[in-house]
Amino acid sequence: MQLNDKIYVAGHRGMVGGAISRRLQTLGYNNLVTRTSAELDLRSQAAVNEFFATEKPEYVFLAAAKVGGIHANNTYRAEFLYDNLIMEANIIHAAHQNGVKKLMFLGSSCIYPKMAPQPLREDSLLTGLLEPTNEPYAIAKIAGIKLCEAYRDQYGANFISVMPTNLYGIGDNYHPENSHVLPALIRRFHEAKENNAPEVTVWGSGTPKREFLYADDLAAACVYLMLHYDGKELVNIGTGEDLTIRELAETVKEVVGYTGALVFDATKPDGTPRKLMDVSKLNNLGWKHSVELKEGLQLAYADFLQKKQMVTL
């Protein structure tokens, strides 16, 4: 991938796509092509085909996806399956048809079986049942991985897949119902602090363990792998470190500066008991994360405050 090569970042307005675009530009890759969802409906095969035929990108980062937390995944099950299936199928097929040199598909750690051995190894894929609350999203992402493998097997396409762990950072979604756990906690603690609320309620028991990666670290890993990895097998991207939701909530509480009480609502679903990525493959390829959780939370909260000043959430 040369500095003047044309690179398409699908989903550039999202947290992940935005981070990848920033990383590329920081490294001097300025020939980026992007489209907003208003400009290009990735669910339309004809529109995607026309875009690829016209723009002829040489490299593709497929970061576009319909995403959300447990509530959104469990509520909008058909949309999460259909939208993600159709978007990735359209882009991967158009990339093949138009001679894209290399494509990276970004999956999700929810592809792994609910009870897979921890930490999650890449070869755990399809070895057991999925977590029911996000099964449609997981199935769509598994299909994307298998599409990349199939186009590689049949056509020799250099399409690779990476599996990020739970992400947070600049440009995150802080919607009160449809966001992931970490941005939801940031918003909840901030609003409780502003309103002098005596306590904050967190969904679940607080015992599940999760791993969190700062989005700009993910972007650095993605660009690194685009430059240095051409294997068929997927690659986990994470920190290799996890903590309980209770520990996470306490850390967010500290960063936000909220002084009230923490209450856990055990009637709400916990989701997967633990999700820790085995990142030994990634580390052996020469990449390791650099932003620790507390530092990343401080950066994310600063971004939240800046956005809050600009628009009413």
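Cut-offs applied
Throughout, a residue's number is its position along its own chain's written sequence, starting from 1. Local features in this predicted model are restricted to residues of pLDDT 70 or higher, and side-chain atom pairs are both shown and tallied only at a pLDDT of 80 or more, whereas totals for entire chains, interfaces and linings draw on every residue. Side-chain measures were taken over the full set of non-hydrogen atoms in the model, leaving aside hydrogen atoms and water. One requirement defines pairing of two strands: DSSP has to find at least two bridges between them. In this description a helix means any DSSP run of H or I spanning at least four residues, a strand means any run of E spanning at least two, and both kinds are numbered starting from the N terminus. Each residue's exposure class comes from its accessible area (1.4 Å probe, protein chains only) as a fraction of the maximum for that residue type: buried when under 20%, exposed when over 50%, partly exposed otherwise. When the strands point away from the viewer and the connection leading from the first strand across the helix to the second strand turns clockwise, the crossover is called right-handed. Only heavy atoms matter for contacts: two residues are in contact if any of them lie within 4.5 Å across the pair. Every angle, taken between N-to-C directions, lies between 0 and 180 degrees, and every axis is a line fitted to C-alpha atoms, over only the stretch in contact when it is a helix. When an angle is under 35 degrees it counts as roughly parallel; over 145 it counts as roughly antiparallel; between 65 and 115 it counts as roughly perpendicular; any other value is oblique. Each crossing gets its handedness from the near helix: less than a right angle anticlockwise from the far helix is left-handed, clockwise is right-handed. In the scheme used here, Gly and all other residues not listed as nonpolar or charged are polar, with Ala, Val, Leu, Ile, Met, Phe, Trp, Tyr, Cys and Pro taken as nonpolar and Asp, Glu, Lys and Arg as charged. UniProt positions are given in the numbering used here, feature names are shortened, and annotations may be inferred rather than shown by experiment. Throughout, the protein atoms alone are placed on a 1 Å grid, and a set of points is a cavity if a 1.4 Å probe fits but cannot get out or a pocket if it is open with protein on both sides within 12 Å along at least five of seven lines; lining residues have an atom within 4 Å of a point. Grid points are joined across faces, edges and corners, and a volume is the space filled by probe spheres set on the points. In a helix, the anticipated span is given by 1.5 Å times the number of residues less one. Classification of ring pairs uses Phe, Tyr and Trp, with its six-membered ring standing for Trp, and accepts pairs whose centres are within 6.5 Å; under 30 degrees between planes counts as stacked, over 60 as edge-to-face, and the remaining range as tilted. One speaks of a salt bridge when a side-chain nitrogen belonging to Lys or Arg is within 4 Å of a carboxyl oxygen belonging to Asp or Glu.

A. A look at the sheet that holds strand 8 (residues 209-210). Spatially, the 3 strands line up as an open sheet ordered 11-8-13, and their pairing is mixed. A single partner strand is all that each edge strand has here, and the edge strands are strand 11 (243-244) and strand 13 (274-275). As paired strands, strand 8 and strand 11 are joined by 2 bridges and run antiparallel to one another. Residue pairing in the sheet places K209 in a bridge with T244 of strand 11.

B. The arrangement of the pairing of strand 5 (residues 159-164) in detail. Across the 6 residues that make up strand 5, a large majority, 6, are buried. As defined by bridge partners, strand 4 (residues 102-106) adjoins strand 5 across 4 bridges and the pair is classed as parallel. Residue pairing for strand 5: M104 is matched across the bridge by I160. For the crossover from strand 4 across helix 5 (residues 135-155) to strand 5, the handedness is right-handed.

C. The sheet that holds strand 2 (residues 32-33), seen in detail. The 6 strands lie next to each other as 2-1-3-4-5-10, forming an open sheet whose pairing is parallel. Pairing within the sheet leaves two strands with one partner each, and these edge strands are strand 2 and strand 10 (235-237). In this sheet, strand 10 lies alongside strand 5 in parallel orientation, the contact comprising 3 bridges. Of the residues in strand 10, the one forming a bridge with M163 is N236. In the packing of helix 1 (residues 15-26) onto the sheet, the strands contacted are strand 1 (7-10), strand 2, strand 3 (59-62) and strand 4, and the crossing angle to strand 1 comes to about 155 degrees.

D. Summary view of the side chain of S21. The topology assignment puts S21 in helix 1. Apart from the residues within four sequence positions on either side, S21 is in contact with V9, H12 and L32.

E. Local environment of the packing of helix 1 against helix 7 (residues 215-228). Look at helix 1 against helix 7: their axes get within 8 Å of each other, and the N-to-C directions meet at 60 degrees. Between helix 1 and helix 7, the interaxial angle falls into the category oblique. Judged by the sense of rotation from one axis to the other, the crossing of helix 1 with helix 7 is right-handed. Two secondary-structure elements touch here, helix 1 through M15, V16, A19, I20, R22, R23 and L24 and helix 7 through A215, D216, L218, A219, A220, C222 and V223. Here the residues of the contact of helix 1 with helix 7 sort into 11 nonpolar, no polar and 3 charged.

F. Quick look at the UniProt feature "binding site: substrate" (unreviewed entry) in the protein. Following the UniProt record, one finds the feature "binding site: substrate" (unreviewed entry) at R188, W203, R210 and D270. Once you skip the residues sitting within four places of it in the chain, R188 turns out to touch V200, T201, V202 and W203. Tracing the sequence through the fold places R210 in strand 8. Those residues in contact with R210 that lie beyond four places of it in its chain are N166, D242, L243, I245, D270, G271, T272, P273, R274 and K275.

G. Spatial organisation of empty space enclosed by the protein. On inspection of all chains with the given rule, the structure shows 1 cavity of 30 Å³ or more. What the largest cavity holds in volume is close to 50 Å³. In terms of lining residues, the largest cavity is bounded by S109, C110, Y112, P113, K114, Q118, L120, E131, N134, T272, R274 and K275.

H. Main features of helix 7. Taking 1.5 Å per residue, 14 residues should reach 20 Å; helix 7 reaches 20 Å between its end C-alpha atoms and fits that length. Among the residues of helix 7, A215, D217, L218, A219, A220, A221, C222, V223, L225 and M226 are the ones counted as buried.

I. Summary view of the environment of L305. Here L305 lies in helix 10 (residues 293-310). C-alpha of L305 to C-alpha of I20: the two residues are 285 residues apart in sequence and 22 Å apart in space.

J. Structural context of the packing of aromatic side chains. Under the counting rule described, the total for this entry stands at 10 aromatic pairs. Judged by centre distance (5.8 Å) and plane angle (85 degrees), the rings of Y8 and F52 are edge-to-face. Remark: F52 occurs in helix 2 (residues 45-55) and Y8 occurs in strand 1; sequence separation between them is 44 residues. Here Y8 and F52 have matching classes, each one buried.

K. Expanded view of the pattern of salt bridges. Applying the stated criterion across every chain, the model contains 17 salt bridges. We note a salt bridge from D123 to R121, for which the minimum N-O separation is 2.6 Å. Among the charged side chains, a network of salt bridges with common partners joins K6, R35 and E55.

L. Structural context of the packing of helix 6 (residues 181-194) against helix 8 (residues 245-256). With their axes 9 Å apart at the nearest point, helix 6 and helix 8 run at an angle of 45 degrees to one another. Relative to helix 8, helix 6 is oriented oblique. The way helix 6 lies across helix 8 gives a crossing that is right-handed. Residues V181, L182, L185, I186, F189, H190 and K193 of helix 6 form the contact with helix 8, whose participating residues are I245, L248, A249, V252, K253 and V256. A class-by-class count of the residues in the contact of helix 6 with helix 8 yields 10 nonpolar, 1 polar and 2 charged.

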